[in-house]
Number of protein chains: 2
Amino acid sequence: MVTQQDKMQRKGGRTARLAERINGPIIHKPALVSKVPLYDVVNEEGVEQIHELAMRIVEEVGVEFRDAEALEIWRKTDAEIDSSNVKIGRKTLLELIESAPTEYMHHARNPDRSVLVGGRSMVLSPSYGPPFIYDFEGIRRPATLDDLHNLQKLNHMAPSVHIAGGPIVEPLDVVVPHRHLHMTYSSMKYSDKPIIGNVTARERAQDTVDMCSIVFGKEFASNNCCTTSLINSNSPLVWDATMLDALKIYASNNHAVMCSPFSMTGASTPASNIGTMAVVTAEALMAIAFGQLVRKGAPMLFGVPAMTVALNSGAPVHGSPDSAIVQFLSGQMARRYKIPHRAIANCATSKVPDMQAGFDSMWGLFPSFLSGAQWITMAGGIMEGTLGVSYAKTMIDLEQIDAFYHFCQGCYFEDIEEIFETIQEVGSGGHFLGSAHTRKANLFIFPSQNNVPYEQWELDGRKDSAQVGLEKAKNWLSRYQTPSMQDDVDKALQDFISQRESELSINIE
Amino acid sequence: MVTQQDKMQRKGGRTARLAERINGPIIHKPALVSKVPLYDVVNEEGVEQIHELAMRIVEEVGVEFRDAEALEIWRKTDAEIDSSNVKIGRKTLLELIESAPTEYMHHARNPDRSVLVGGRSMVLSPSYGPPFIYDFEGIRRPATLDDLHNLQKLNHMAPSVHIAGGPIVEPLDVVVPHRHLHMTYSSMKYSDKPIIGNVTARERAQDTVDMCSIVFGKEFASNNCCTTSLINSNSPLVWDATMLDALKIYASNNHAVMCSPFSMTGASTPASNIGTMAVVTAEALMAIAFGQLVRKGAPMLFGVPAMTVALNSGAPVHGSPDSAIVQFLSGQMARRYKIPHRAIANCATSKVPDMQAGFDSMWGLFPSFLSGAQWITMAGGIMEGTLGVSYAKTMIDLEQIDAFYHFCQGCYFEDIEEIFETIQEVGSGGHFLGSAHTRKANLFIFPSQNNVPYEQWELDGRKDSAQVGLEKAKNWLSRYQTPSMQDDVDKALQDFISQRESELSINIE
């Protein structure tokens with residue numbers, strides 16, 4: 001008979017093992033090189049039909065560049081410019097696209113964390129842009145700089161996240177003109193992974209590059225990719241001056257830019273996956289071509305954070321089969337143009353980290369990984385269709401990222417003889433738990449999921465995965481160690497921030 | 001300014017639209033014919049390596065048939081029989097397998113609900129076997145016959161569920177010897193879709209066939225597939241007498257049998273996706289071959305409800321990347337042998353319908369649909385690694401099934417000219433919400449998900465998806481209508497049950 005004491009001892013053993021897993025050393029996995037095949041949702045003829053539609057859009061409808069300087073740059077080509085509308089022949093466009101690299105090295109301040117982006121190499125970056133945090137009590141409130149630092153730390157510790165991020169969350173307690181300085185510093189200080197640049201104004205992009213010059217040296221930071229930044233078009237078919245200014249600053253320094261139309265199928269793009277993909281392709285290719293005019297060979301990414309709109313209410317929706325199809329299509333189009341592909345992972349529309357949050361996120365995860373996206377943003381935590389980020393969901397999502405990293409290792413055939421011998425040895429009716437082959441096995445089990453029997457789960461306190469996620473976030477933060485940074489570099493960054501703050505304060509008054 | 005009254009009016013409009021969607025007519029979708037490509041996780045050489053390993057198992061290790069009658073049947077072949085161990089040459093095995101049909105018609109008592117299983121046709125069936133219900137208050141308790149009826153009704157109303165099921169939940173308030181009669185009656189009475197047969201004893205399988213004879217006529221029910229039933233091996237490499245008895249009864253009447261090893265990678269099968277698939281293949285093929293010896297041409301399915309074991313605790317785990325890989329492999333092997341493939345959809349290991357429940361389920365959904373499984377069990381509701389079924393999760397899962405049904409329609413290219421004209425018309429900076437093309441669009445939006453803005457969600461009562469699911473279950477049950485059944489058939493079924501109950505009561509005393 002099993003006594004309560006036995007149970008407690010067993011629990012002790014289990015708790016100890018759990019603690020061991022949770023308190024293990026911090027691991028940083030290399031960029032993922034997937035060994036599983038890619039998934040194509042349409043055939044080559046389908047890709048060509050979307051391409052043809054996109055080409056008709058750039059040739060016959062045109063894309064607006066609402067920026068005088070950009071229009072001047074376009075005038076160097078045979079583009080047909082009417083007010084801010086730019087139409088361009090496919091020949092010129094595709095020639096420009098060809099000069100964008102198929103892969104590039106994104107440098108980190110710690111060279112061990114630099115990653116190759118493009119080709120077979122896949123990297124993951126944190127959430128991007130939400131103004132609200134779902135905090136340690138699960139309460140939704142405006143995010144602060146402390147939240148940004150916390151999320152920076154958690155993502156730094158996440159094994160399968162390769163990028164430090166930029167605006168993992170928007171710190172609303174810092175005044176807007178100063179905010180980008182503290183956000184950039186946060187990503188440089190609390191992680192030593194590659195960072196994402198600020199794009200909210202020309203001078204802020206320049207400040208980001210200047211801070212990179214402090215860390216990497218001016219010569220290096222002017223000619224090598226030290227940030228990847230993310231610009232969104234105003235779909236349909238508009239690029240505004242703010243985004244184009246950021247593109248110009250980064251591309252002219254040879255930093256990478258994701259040209260990633262923020263599509264909402266049914267609202268900002270046609271209510272069709274094919275139509276959405278064609279509009280997005282036209283917008284992204286025009287921005288990439290423009291970037292090549294700014295600096296030939298500057299690295300650019302192609303992609304779309306696909307969303308759908310609820311046609312009865314106009315509400316944007318993450319986690320839908322139509323968005324998943326667009327995500328797969330986006331990978332196919334990016335491969336056609338030989339540009340690295342950007343996708344989105346863990347985005348939920350729900351307002352609590354509930355069952356829907358899990359389902360929504362998976363509609364992004366499978367398409368991101370199986371489309372071979374070389375850059376996957378939103379690695380964790382997104383709620384409310386990108387308006388919020390949750391500590392609880394961040395931790396559960398990051399485990400899913402680890403699981404997909406494992407999935408992408410595919411099947412291992414090399415031990416097939418040993419497997420046969422083990423099957424012979426175990427025979428019919430036996431079990432494999434104790435065999436030598438099993439003891440060295442590499443199966444993926446989520447470290448914090450509720451896999452124990454119901455009674456054990458009750459003894460453990462009846463926790464749902466949101467509670468488990470919150471506890472894990474607190475545990476990680478208690479174990480976080482700031483990666484080292486040279487004192488003089490740190491001081492120079494802080495001096496730069498102080499100086500810029502005083503210059504920019506004029507704007508606040 | 002938006003007043004509270006405006007808000008309420010808006011809410012009224014929204015609530016009315018929601019009610020319209022929720023209270024729409026009951027739709028029964030046909031079997032899914034997927035238009036998206038299948039996903040292969042290994043190449044042809046990989047499939048052949050697994051095949052070779054499986055063949056070495058059947059030839060050199062053998063599979064146990066713990067049933068004297070089954071061994072007698074095997075003696076008709078050149079199998080090498082040692083005690084209950086059966087070894088067989090691949091030539092004989094594969095010849096037998098070839099006589100199993102690649103597709104079959106599964107008849108429903110309402111001919112409009114009969115479905116083709118196999119080939120390009122995919123069908124979905126409800127949860128299978130859990131003894132616990134997570135009820136309308138979200139409380140876990142032993143399930144009752146009323147719960148079975150309720151789940152029968154919900155699945156009958158689910159547009160993308162094609163099969164009425166059998167043991168959607170185990171009614172623990174009915175004594176074991178009588179239980180199968182009431183379960184079979186429940187599936188016949190409360191749905192008119194095709195049913196799943198009982199396999200827990202030879203006489204219970206016979207009772208199921210006899211009840212089919214009442215509904216379909218004896219001659220028809222003895223020669224046509226009126227049930228599909230599910231038998232599990234005792235992995236590794238054992239078939240027991242109970243399962244084989246059920247197989248014999250059903251196959252001899254030309255009803256379909258799923259030969260579906262209940263694998264737990266790392267425990268009942270090797271700690272390897274390749275090794276697991278080889279063991280499962282050996283077990284399934286041996287049962288399918290045996291079925292062909294019972295009645296040549298009897299329909300059989302190949303498949304595996306893939307699970308992984310937590311190596312540190314031995315706990316079985318649903319929702320893991322390794323199980324997903326096995327599910328994809330299983331589809332590839334089934335296609336190699338030209339046998340319809342069975343997979344599992346919405347299984348969660350969690351004990352509450354939480355974020356984990358969503359993630360776990362999706363690790364089954366994507367592989368099931370993208371592997372082209374012709375029969376997908378566990379369409380909705382599974383908790384606790386198949387020990388429980390939840391009303392709340394059932395409803396949310398069933399929406400996901402609808403979403404995958406939509407996903408599998410793939411891309412629509414036929415309106416590409418109209419799309420281009422719409423893009424021209426909307427132009428840059430416009431929006432597509434009001435265009436004629438959008439108004440007839442077919443985008444999939446989950447009917448009950450939280451897609452509204454946060455403030456609206458608060459006004460709506462801050463519901464998580466578990467609450468939404470429970471409300472939807474109650475709404476559906478209030479709208480359920482029992483499909484018609486001829487009075488004399490109903491009476492004959494009830495008389496049969498009464499008679500069998502009195503005969504079987506001897507066993508209870």
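Residues numbered from 1 in each chain as written. Chains lettered and ligands numbered in written order. Predicted model: local features only at pLDDT ≥ 70, side-chain atom pairs only at ≥ 80, totals over all residues. Heavy atoms only, no water.

(A) Quick look at the overall build of chain A. A count of helical and extended segments in chain A gives 18 helices and 21 strands. In terms of overall dimensions, chain A is globule-like: its C-alpha atoms have a radius of gyration of 24 Å, near the 23 Å expected for 509 residues. Dimensions of chain A, computed from the C-alpha atoms along their principal axes, are close to 85 × 55 × 45 Å. Burial status across chain A gives 66% buried among its 509 residues. Taking as baseline every contact in chain A between residues at least 6 positions apart, the subset at least 24 positions apart corresponds to 76%. About 17,400 Å² of surface is accessible on chain A, with carbon and sulfur atoms providing 51% of the total. (Helix = DSSP H or I, 4+ residues; strand = E, 2+ residues; numbered from the N terminus. Rg over C-alpha atoms; globule rule 2.2 N^0.38 Å. Buried < 20%, exposed > 50% of the residue type's maximum accessible area, 1.4 Å probe, protein only. Contact = heavy atoms within 4.5 Å. Areas by Shrake-Rupley, 256 points an atom, 1.4 Å probe, with all protein chains shown as cover.)

(B) How the structure looks around the confidence of the model for chain A. Residues and elements named next belong to chain A. Averaged over every residue, the pLDDT of chain A is 94; the share at 70 or more is 95%. Taken as a whole, residues 1-12 scores under 50 in pLDDT and shows eight contacts with residues more than four places along the chain or in a different chain. What the predictor reports for the complex is a pTM of 0.95 with an ipTM of 0.94. (pLDDT = per-residue confidence, 0-100.)

(C) Structural view of the nonpolar core. Counting 292 residues, the largest nonpolar core has Phe65 and Trp74 of chain A together with Phe65 and Trp74 of chain B as the members making the most contacts within it. Ignoring sequence-local partners within four residues, the contact set of tryptophan 74 of chain B consists of Phe65, Ala79, Ile81, Val86, Ile88, Leu96, Met286, Ala289, Phe290 and Leu293 of chain B. (Core = buried A, V, L, I, M, F, W, Y, C linked by side-chain atoms within 4.5 Å.)

(D) Geometry of helix H9 (residues 241-252) of chain A. Residue and element names in this part refer to chain A. Between its terminal C-alpha atoms H9 stretches 16 Å, which fits the 16 Å expected from twelve residues at 1.5 Å a residue. Most of H9 is tucked away, with nine of its twelve residues classed as buried. Those residues of H9 that sit buried are Met243, Leu244, Asp245, Ala246, Leu247, Lys248, Ile249, Tyr250 and Ala251. Regarding H9, its N-cap is aspartate 240, as a side-chain oxygen of that residue lies 3.2 Å from the backbone nitrogen of threonine 242 further along. (Expected span 1.5 Å × (residues − 1). Polar contact = N/O pair within 3.5 Å; in protein donor to acceptor, adjacent residues only side chain to side chain.)

(E) Structural detail: the interface of chain A and chain B. Taken together, the contact pairs 118 residues of chain A with 119 residues of chain B. For the pairing of chain A and chain B, the buried interface totals around 9,700 Å² over both sides, and the portion due to carbon and sulfur atoms is 71%. Between the two partners, chain A and chain B, sit two salt bridges. As a salt-bridge pair, glutamate 417 of chain A and arginine 56 of chain B come within 2.7 Å of each other at their nearest N and O atoms. Where chain A touches chain B, the interface holds 32 residue pairs in polar contact (both at pLDDT 80 or more). (Buried area = accessible area lost by both parts, 1.4 Å probe. Salt bridge = Lys/Arg side-chain N within 4 Å of Asp/Glu carboxyl O.)

(F) The arrangement of the packing of helix H9 (residues 241-252) of chain B against helix H10 (residues 273-294) of chain B in detail. Residues and elements named next belong to chain B. At their nearest, the axes of H9 and H10 sit 9 Å apart, and the two run at 45 degrees to each other. The pairing of H9 with H10 is recorded here as oblique in orientation. H10 is crossed by H9, and the crossing has right-handed handedness. Mapping the contact onto sequence places Leu244, Leu247, Lys248, Ala251 and Ser252 in H9 and Ala287, Phe290, Gly291 and Val294 in H10. For the contact of H9 with H10, the residue count by class is six nonpolar, two polar and one charged. (Axes fitted to C-alpha atoms, helices over the stretch in contact; angles between N-to-C directions. Parallel < 35°, antiparallel > 145°, perpendicular 65-115°, else oblique. Left-handed = near helix turned anticlockwise from the far one by under 90°. Nonpolar A, V, L, I, M, F, W, Y, C, P; charged D, E, K, R; others polar.)

(G) Fine view of the packing of aromatic side chains. Across all of its chains, the model carries 36 aromatic pairs over all chains by this definition. On the basis of an interplanar angle of 70 degrees and a centroid distance of 5.0 Å, the ring pair of tyrosine 39 of chain A and phenylalanine 328 of chain A is categorised as edge-to-face. In this pair, tyrosine 39 of chain A is assigned in the loop between strand E1 (32-33) and helix H2 (44-61) and phenylalanine 328 of chain A in helix H11 (residues 321-337), connecting sequence segments 289 residues apart. Centre to centre, the rings of tryptophan 363 of chain A and phenylalanine 366 of chain B are 5.4 Å apart; their planes meet at 65 degrees, and the pair counts as edge-to-face. Here tryptophan 363 of chain A, found in helix H12 (residues 355-370), pairs with phenylalanine 366 of chain B, found in helix H12 (residues 355-370), and the two come from separate chains. A relative accessible area of 0% places phenylalanine 366 of chain B in the buried class. Sitting above the plane of the tyrosine 454 of chain A ring, arginine 140 of chain B keeps its charged end 3.7 Å from the centroid. Geometry around phenylalanine 132 of chain B places arginine 140 of chain B over its ring, the cationic atom sitting 3.7 Å from the centre. (Phe/Tyr/Trp six-rings, centres within 6.5 Å; stacked < 30°, edge-to-face > 60°. Lys NZ or Arg CZ within 6 Å of the ring centre and 35° of its normal.)

(H) The arrangement of the side chain of serine 233 of chain B in detail. All names here are of chain B. As for its position among the elements, serine 233 is in the loop between strand E11 (227-231) and strand E12 (238-240). Note on serine 233: relative accessible area 4%, which makes it buried. Among the polar contacts listed, one links the side chain of serine 233 to the side chain of glutamate 283, at a separation of 2.7 Å. Residues in contact with serine 233, not counting those within four places in the same chain, are Val238, Trp239, Ser260, Pro261, Phe262 and Glu283.

(I) Seen up close, the environment of isoleucine 396 of chain B. Tracing the chain through its elements places isoleucine 396 of chain B in helix H13 (residues 391-407). With relative accessibility at 2%, the residue isoleucine 396 of chain B sits in the buried group. Measuring from C-alpha to C-alpha, the distance between isoleucine 396 of chain B and histidine 51 of chain B comes to 38 Å, with 345 residues separating the pair along the chain. Look past the residues within four positions of isoleucine 396 of chain B in its chain and what remains in contact with it is Met355 and Phe359 of chain A together with Ser448, Ser465 and Gly469 of chain B.

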